Amino acid sequence: QSLPQQKLLTWLSVLECVEVFAEMGTARVWGEIGRWTIIVLIQLAKAILRLLLLLWYKAGIQTSPPIVPLKREQQQPLHSQEMEGSSSGKDQTYIGKRSSRVVRSLQSTPSLHSRHWGSPQQREESQSRRAEEMNQLPTPLGLQETIAESLYITRPLLHLLSLGVWGQRSWKPWLLSGVLDISSLSLLSDLKDLNRRERAELRRRTLLLLYYLLRSPFYDRYSEGRILLLLRLLADYVPGVGFVTRKRAPLFDTSPSLWVEKNQGTWA
C-alpha cells in the first residue's frame, strides 16, 4: 500500500473509533440538532474516504475495521539464524525412534516470549501462510462489483436522507437500507477467488442483516413483544437468569432499537 492510502485507512479507522463518542458528546452539549449534524458529517467523511479508496486506489472490498487488528501472539519472528549460531552445529530437531515425531531439541529452544508450541515445520508453514495472506492483493472489481461496493458505502448517507424526508417512524428508511444491503451482497456474490479477508467481510455483512430485526420500526411492531416474552420465560423457568433479565428490564422496555439509533446513528 502507498503512503497516501495508508493515511486514508488510518483516518477512516480513527473516525470509526470515535464516531459513537462524538455523537453522544455532541448530543449532551448541543442537543438533537448537534447530534444529527455530527452524524451527517462523520458519515459523509467516511463515505468520501471509502469512495477514494475504492475508485482511486482500487482497494476492492473494504473490511471493517479498515486496518486489521494486529495479533501479536501470531507475529513471533523466526530466529533461525540466531538458533543456528547458538546451537553450535547441533541439530535443531529430534525425531523419535518409535513414534517418528519431530520435536525441537533443547539446544535450539527460543526464549519464552517467542516460543511456539509446535514443530518447527508447523511454525514455518503458519508464518509463510500469514505472510502470503498479508501480501495478497485485493481482488479486482468489475463494473458490477464496483457499483455494489459503492451502494454499500453510500447506504448510510441514503438512509440519513430518507430519515430526513420520511421521519424516523416510517418504514421507508428501514426498507431502503435493507434493499441496498441485500442488493450489494447479491451483486458481490458472483465474485470468485476472493482472499480470506474479503470472504470474512462478506460473511460479516451477511450476518449483520439479522440486526434489522432489532431496528425500528420492525422492532417496535414485531420483535419487542417476542423478545420480552422470551426474557420473562427465561426469568421464570431458568435459575439465575431472572437476576440478570429483571435487572435489565427497564433497558429492554425502552426499546434497544432506540438505544442503537441514539448511540450509533445510521448503524454504519
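Everything below is about the structure shown above.
A brief structural summary. These numbers come from a predicted model, not from an experiment. (Residues numbered from 1 in each chain as written. Predicted model: local features only at pLDDT ≥ 70, side-chain atom pairs only at ≥ 80, totals over all residues. Heavy atoms only, no water.)

Looking at the pattern of salt bridges
(1) Moving on: Under the counting rule described, the total for this entry stands at 9 salt bridges.
(2) Moving on: Close ionic contact of Glu16 with Arg50 constitutes a salt bridge, the shortest N to O distance being 2.5 Å. Summarising the burial analysis for this pair, Glu16 and Arg50 share the class buried.
(3) Moving on: The partner of Glu201 in a salt bridge is Arg205, with the nearest N and O atoms 2.9 Å apart. Of this pair, Glu201 and Arg205 both sit in helix α6 (residues 196–208), 4 residues apart, which is roughly one turn of the helix.
(4) Moving on: In this structure, a network of salt bridges that share partners links the residues Glu149, Glu201, Arg204 and Arg205. (Salt bridge = Lys/Arg side-chain N within 4 Å of Asp/Glu carboxyl O. Buried < 20%, exposed > 50% of the residue type's maximum accessible area, 1.4 Å probe, protein only. Helix = DSSP H or I, 4+ residues; strand = E, 2+ residues; numbered from the N terminus.)

Quick notes on the environment of Val20
(1) Moving on: Along the chain, the position of Val20 falls in helix α1 (residues 3–56).
(2) Moving on: For the pair Val20 and Ile42, spaced 22 residues apart in the sequence, the C-alpha separation amounts to 10.0 Å.

Notes on the side chain of Arg155
(1) Moving on: Mapped onto the secondary structure, Arg155 falls in helix α4 (residues 143–166).
(2) Moving on: Looking at Arg155, the relative accessible area reads 5%, which means it is buried.
(3) Moving on: At a separation of 3.1 Å, a polar atom in the side chain of Arg155 contacts the side chain of Asp181. (Polar contact = N/O pair within 3.5 Å; in protein donor to acceptor, adjacent residues only side chain to side chain.)

Focus on α1
(1) Moving on: For α1, with 54 residues, the first-to-last C-alpha span of 14 Å runs short of the 80 Å given by 1.5 Å per residue.
(2) Moving on: At Trp30, α1 shows its largest bend, some 145 degrees.
(3) Moving on: Lys58 sits one or two positions beyond α1 and adopts a positive phi of about 55 degrees. (Expected span 1.5 Å × (residues − 1). Bend = angle between axes of the 7 residues up to and from the residue.)

Observations concerning a nonpolar patch on the surface
(1) Moving on: Judged by side-chain polarity, Leu229, Leu230, Leu233, Leu234, Tyr237 and Val238 come together as a nonpolar surface patch covering roughly 580 Å² of accessible area.
(2) Moving on: Here Leu234 shows up in helix α7 (residues 218–237). (Patch = residues over 30% accessible without salt bridge, like charges linked within 9 Å, V, L, I, M, F, W, Y side chains within 5 Å. Areas by Shrake-Rupley, 256 points an atom, 1.4 Å probe, with all protein chains shown as cover.)

Structural notes on the packing of aromatic side chains
(1) Moving on: The final tally for this structure, using the stated rule, is 6 aromatic pairs.
(2) Moving on: Among the aromatic side chains, those forming a connected cluster through ring pairs are Trp171, Trp174, Tyr212, Phe218 and Tyr222.
(3) Moving on: Between the NZ or CZ atom of Arg155 and the centre of the ring of Tyr152, over which it lies, the distance is 5.5 Å. (Phe/Tyr/Trp six-rings, centres within 6.5 Å; stacked < 30°, edge-to-face > 60°. Lys NZ or Arg CZ within 6 Å of the ring centre and 35° of its normal.)

Things to note about the side chain of Asp181
(1) Moving on: Positionally, Asp181 belongs in helix α5 (residues 171–188).
(2) Moving on: Overall, Asp181 belongs to the buried group, its relative accessible area being 9%.
(3) Moving on: Of note is the side chain of Asp181, whose polar atom sits 2.6 Å from the side chain of Tyr212.

What to know about α6
Count 3.6 residues to each turn of an α-helix, and residues three or four apart come out pointing the same way.
(1) Moving on: For α6, spanning 13 residues, the distance from its first C-alpha to its last is 19 Å, which sits close to the expected 18 Å at 1.5 Å a residue.
(2) Moving on: Taken together, the buried positions of α6 are occupied by Glu198, Glu201, Leu202 and Arg205. The buried residues of α6 occupy an angular sector of 95 degrees when projected down its axis, which confines them to one face. Seen from the buried face of α6, the exposed residues on the opposite side, beyond 90 degrees, are Arg196, Arg203 and Leu207.
(3) Moving on: Its buried side turned inward, α6 meets α4 and α5. (Arc of directions from axis to C-beta. Contact = heavy atoms within 4.5 Å.)

Structural notes on unusual backbone geometry
(1) Moving on: For the peptide bond that leads from Ser64 to Pro65, omega is 0 degrees, which places it in the cis range.
(2) Moving on: Along the polypeptide, Pro65 turns up in the loop between α1 and α2 (80–87).
(3) Moving on: A cis amide bond, omega 5 degrees, links Ser216 with the succeeding residue Pro217.
(4) Moving on: With respect to the secondary-structure elements, Pro217 resides in the loop between α6 and α7.
(5) Moving on: For Lys58, which is not a glycine, the phi torsion comes out positive at approximately 55 degrees.
(6) Moving on: Mapping Lys58 onto the fold places it in the loop between α1 and α2.
(7) Moving on: According to the relative accessible area criterion, Lys58 is exposed, its value standing at 59%.
(8) Moving on: Phi is positive for Asp193, which is not a glycine, with a value near 55 degrees.
(9) Moving on: On the secondary structure map, Asp193 appears in the loop between α5 and α6.

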